[in-house]
Amino acid sequence: MVLEYDFDIVAIAPDEVDPEHGVAAMKGHRAVRASFRNARTIAALHSASPKIRRIFLESGFSLESKGNGLPHGYYRSEDAADRERILKRLFANIRNMGVQGEYCGDFDFWQFLDDVRRARPRAEITREVPDWTPKARQAEVKKPKRRSIQGRIGFALGLAVIVVIIFRYLASQGTTP
């Protein structure tokens, strides 16, 4: 199975302790973590050995999926610095702790590295903040129901019959319209 290893940068409150990592955010940097978009990728990371999961957690990755709808291979351009900082921490943790002989399951490090290398910033995408302001209710304007084709044909035939009856009545009386 081929997994997508795209991830997004998710901000956390500066004074909040990150429950997944158990440490406060680094001073001088925006408090963030990386979340994979694909739930199958998260499941594959969960099936990997505890050491692999710990390496990702301590590097700033989350074990929750938070997809944002960006296409595969792209990330927000404003997240580039945070993304680079998290990836440097990940590679340093891999180098220090080592992954040799650890069970990775379906999580493919080579594919992960390839996806990270190929990912490109997408400048035209901005963060969308939902508008939570209540909207004033407007009175619904009742639109007249549209008649179906059969109803229109029936109305036209009924009108035609009435006109024919009026003409016949006038013809029998000897008058012309």
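All figures in this text were calculated on a predicted structure; none of them were measured in a lab.

*Asks:* A description of the overall build of the protein chain should follow, citing residues and the corresponding values.
*Replies:* Helix and strand counts for the protein chain stand at five helices and four strands. Helices and strands appear in the protein chain in the N-to-C order β-β-α-α-β-α-α-β-α. Looking at the protein chain residue by residue over its 177 residues, the buried ones come to 30%. Expressed as a percentage of contacts within the protein chain between residues at least 6 apart in sequence, the contacts between residues at least 24 apart total 79%. Element-wise, carbon and sulfur atoms account for 58% of the exposed surface of the protein chain, whose accessible area totals about 12700 Å².

*Asks:* Can you break down helix H1 (residues 39-47) residue by residue, with the values?
*Replies:* Taken together, the buried positions of H1 are occupied by Thr41, Ile42, Ala44 and Leu45. For H1, the angular spread of the buried residues around the axis is 160 degrees, confining them to a single face. Where H1 begins, the side chain of Asn38 points an oxygen toward the backbone nitrogen of Arg40, at a separation of 2.8 Å.

*Asks:* Describe the pairing of strand E2 (residues 32-36), naming the residues involved and giving the relevant values.
*Replies:* Of all five residues that make up E2, five are buried, and the element is covered over most of its length. What you see with E2 is no split at all: Val32, Ala34 and Phe36 on one side and Arg33 and Ser35 on the other are buried throughout. Relative to E2, strand E1 (residues 7-11) is paired through five bridges, and the arrangement is antiparallel. The residue bridging Ala11 from the neighbouring strand is Val32, located in E2.

*Asks:* Can you explain the pattern of salt bridges? Please cite residues and give values.
*Replies:* Oppositely charged side chains may form a pair once their charged atoms are brought near each other. Scanning the model with the defined rule gives eight salt bridges in all. A salt bridge links Asp8 to Arg37, with the shortest nitrogen-to-oxygen separation between them at 3.0 Å. You can see Asp8 sitting in strand E1 and its partner Arg37 sitting in the loop between E2 and H1, a full 29 residues away along the chain. Just as Asp8 is buried, Arg37 falls in that class too. Here Lys88 and Glu84 are joined by a salt bridge, their closest N and O atoms 3.2 Å apart. One end of the pair, Lys88, and the other, Glu84, are both in helix H3 (residues 80-97), four residues apart, so they sit about a helical turn from each other. Exposure remark for Lys88: the relative accessible area of 54% places this residue in the exposed category. The exposure class assigned to Glu84 is partly exposed, which follows from its relative accessible area of 45%. Among the ionic contacts, a cluster of salt bridges with common partners joins Asp6, Asp8 and Arg37.

Cut-offs used in this document
Position numbers for residues start from 1 in each chain and track the written sequence from start to end. Confidence filtering applies because this is a predicted model: local features only for residues at pLDDT of at least 70, side-chain atom pairs given and counted only at 80 or more, and all residues used for totals across whole chains, interfaces and linings. Calculated side-chain values reflect all of the structure's heavy atoms, with hydrogen atoms and water omitted. Each helix is a run of DSSP H or I of at least 4 residues and each strand a run of E of at least 2, with the numbering of both proceeding from the N terminus. Exposed residues in this analysis have more than 50% of their type's maximum accessible area, buried residues have under 20%, and partly exposed residues fall in between, with area computed by a 1.4 Å probe over protein chains only. Residues are treated as being in contact if the distance between any of their heavy atoms lies within 4.5 Å. Computed with the Shrake-Rupley method and a 1.4 Å probe, the accessible areas treat only the protein chains shown as cover for residues. Think of the arc as the fan of directions from the helix axis to the C-beta atoms. Definition of a polar contact: a pair of N or O atoms within 3.5 Å, with one able to donate and the other able to accept a hydrogen when the atoms are protein atoms, and with sequence-neighbouring residues admitted only if both atoms are side-chain atoms. Strand pairing is defined by DSSP finding a minimum of two bridges between the two strands. Should a side-chain nitrogen of Lys or Arg be within 4 Å of a carboxyl oxygen of Asp or Glu, the pair is scored as a salt bridge.

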